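Secondary and tertiary structure notes
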Number of protein chains: 2
Amino acid sequence: MKKPAGVELAGIIRKAGFRATKPRLLVLAFLHGIEYPASIKEIITGIGREKVDQVTVYRILEAFKAVGLVAQVDFQHGRAYYELKDAAHDHHHIVCTGCDRVEDFTGCDYDKLADKALSQTSGFAKVTNHSLELFGLCNTCVKTA
Amino acid sequence: MKKPAGVELAGIIRKAGFRATKPRLLVLAFLHGIEYPASIKEIITGIGREKVDQVTVYRILEAFKAVGLVAQVDFQHGRAYYELKDAAHDHHHIVCTGCDRVEDFTGCDYDKLADKALSQTSGFAKVTNHSLELFGLCNTCVKTA
DNA sequence: ATACCACTTGCAACTGACTTGCAAGTACTT
DNA sequence: AAGTACTTGCAAGTCAGTTGCAAGTGGTAT
């Protein structure tokens, strides 16, 4: 089971136009294993500091983002979070401002939103990307608020 | 016209629970004068570096944000942007990834979105805030892309 | 298999956004 | 006019993310 997974990941990386190096495989494997977006620090700690330099992780994520392999999300914590991008499942996150708990939700109606924005603005030709986060209180934090 | 505006701004600040100090008046007046969100650096430069310390600007914006007087938006430029919050006019921004040009659009259907998210998640009790940005290409940059 | 070379990585040093501690200043109250 | 709690300014610090460059390595051609 380990070998096939590795091979598959290498294929994903090569298809994206990169060499299937050990750091890139480690980053991609780590992202495959998480449920919610992870910060760079979490990614490095998760992989193991001795296995890959943080600069390398920054560069890999930047490159993966550029080819649409990963999505960068902003939880307003002063640092970037990353997760694999799943084109078929455009989801967003709701973040608890009390405890940083995260859950997913879907249905932002991206296409309609993009059309609406383009029809309202005179200077824009196309929408290529979007970011949407909801902030709120989880069942636990709402009691102590 | 200058005096009344100043008095009015002072009232806004006091109503929010702060003392109407010179730095706070300057920040609020500057935000009143901009068309699109400004970075801290732009705010400081706009006000005049000699008139107010950058630490003070950071603290003022943080405080104004906490009471809902200003909104912080993320254009994925690695720094925060700020603008006055207009409760009656919930607008969002579309940002050109080529030249950083910004325009507004409205109609994100916040209430419906919040309901949708709450019905899909089991752990959240309420939505208190949201962030939404579209990224795209303006009429100029789309030609050179 | 071997060698090559462009692509990658790791290290060290750096930048720039933002924060903290604290003494000095000042808006509002009495 | 004076007091005091709220604010500010300065200096120094933290932390995320970047840059330059020499050393390393994956994929290809031989």
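Let me sum up the structure you'll find in this document. In this text, all values refer to a predicted model and were calculated from it rather than measured experimentally.

Before going further, it helps to examine the pairing of strand 6 (residues 124–138) of chain B. Counted residue by residue, strand 6 of chain B has 11 buried out of 15 residues, so it is predominantly covered. Two elements, strand 6 (residues 124–138) of chain A and strand 6 of chain B, share 13 bridges in a ladder whose sense is antiparallel. Within strand 6 of chain B, the residue paired with A:Leu134 across the bridge is B:His130. Two strands pair when backbone bridges link them, and strand 4 (residues 91–96) of chain B and strand 6 of chain B are joined in this way by four bridges, in the parallel orientation. Looking across to strand 6 of chain B, one finds that B:Ile94 is bridged to B:Leu134.

All right, on to the protein's contact with DNA strand C then. In the vicinity of DNA strand C there are 24 residues, among which A:Thr21, A:Arg24, A:Thr56, A:Arg59 and B:Arg14 approach most closely. Among the atoms of DNA strand C close to the protein, meaning within 4 Å, 65% are from sugar or phosphate groups. Interatomic distance of 2.6 Å between a side-chain N/O atom of B:Arg14 and a phosphate oxygen of DNA strand C. Within the contact set of DNA strand C, a base nitrogen lies 3.1 Å away from a side-chain nitrogen or oxygen of B:Arg19. Secondary-structure elements contributing two or more residues to the surface near DNA strand C are helix 2 (22–33) and helix 4 (54–66) of chain A together with helix 3 (40–47) and helix 4 (54–66) of chain B.

Another aspect to go through is the protein's contact with DNA strand D. Near DNA strand D, the surroundings consist of 24 residues, among which A:Arg14, B:Thr21, B:Arg24, B:Thr56 and B:Arg59 are the closest. Interatomic distance of 3.1 Å between a side-chain N/O atom of A:Tyr58 and a phosphate oxygen of DNA strand D. The set of elements that each furnish at least two residues to the surface near DNA strand D consists of helix 3 (40–47) and helix 4 of chain A together with helix 2 (22–33) and helix 4 of chain B. Looking at the surface near DNA strand D residue by residue, the classes come out as 10 nonpolar, four polar and 10 charged.

So, on to the relation of the copies chain A and chain B. It takes a turn of 180° to lay chain A on chain B, together with a shift of 0.0 Å along the axis; the resulting RMSD is 0.1 Å. Overall, the copies show the geometry of a two-fold rotation axis. Minimal C-alpha distance to the rotation axis in chain A is attained by A:Leu132, lying at 2.2 Å. Looking at the interface residues of chain A, 98% of them are also at the interface in chain B, so both copies use one shared face.

All right, on to the interface of chain A and chain B then. Many structure descriptions define interface size as the accessible area lost when the parts assemble. At the interface, 41 residues of chain A touch 40 residues of chain B. Roughly 3500 Å² of surface becomes buried between chain A and chain B when both sides are summed, with 57% attributable to carbon and sulfur atoms. Counting the contacts that link chain A with chain B gives 23 residue pairs in polar contact (both at pLDDT 80 or more). Among the elements of the structure, strand 2 (70–74), strand 4 (91–96), strand 5 (102–106), helix 5 (110–120) and strand 6 of chain A are those that each provide at least two residues to the side of chain A that touches chain B.

Axis angle and axis distance: for two packed helices, these are the angle between their axes and the distance between the axes, and together they describe the pair. Residue and element names in this part refer to chain B. The contact between helix 2 and helix 3 brings their axes to 10 Å, and the two run at 105°. With respect to helix 3, the axis of helix 2 lies roughly perpendicular. Contacts between helix 2 and helix 3 involve Leu26, Val27, Phe30 and Leu31 on the former and, on the latter, Glu42, Ile43, Gly46 and Ile47. Taken together, the residues of the contact of helix 2 with helix 3 sort by class into six nonpolar, one polar and one charged.

Thresholds, definitions, all that
- Residues numbered from 1 in each chain as written.
- Chains lettered and ligands numbered in written order.
- Predicted model: local features only at pLDDT ≥ 70, side-chain atom pairs only at ≥ 80, totals over all residues.
- Heavy atoms only, no water.
- Buried < 20%, exposed > 50% of the residue type's maximum accessible area, 1.4 Å probe, protein only.
- Helix = DSSP H or I, 4+ residues; strand = E, 2+ residues; numbered from the N terminus.
- Pairing = 2+ DSSP bridges.
- Near = heavy atom within 4 Å.
- Polar contact = N/O pair within 3.5 Å; in protein donor to acceptor, adjacent residues only side chain to side chain.
- Nonpolar A, V, L, I, M, F, W, Y, C, P; charged D, E, K, R; others polar.
- Least-squares fit on C-alpha atoms with pLDDT ≥ 70 in both.
- Contact = heavy atoms within 4.5 Å.
- Buried area = accessible area lost by both parts, 1.4 Å probe.
- Axes fitted to C-alpha atoms, helices over the stretch in contact; angles between N-to-C directions.
- Parallel < 35°, antiparallel > 145°, perpendicular 65-115°, else oblique.

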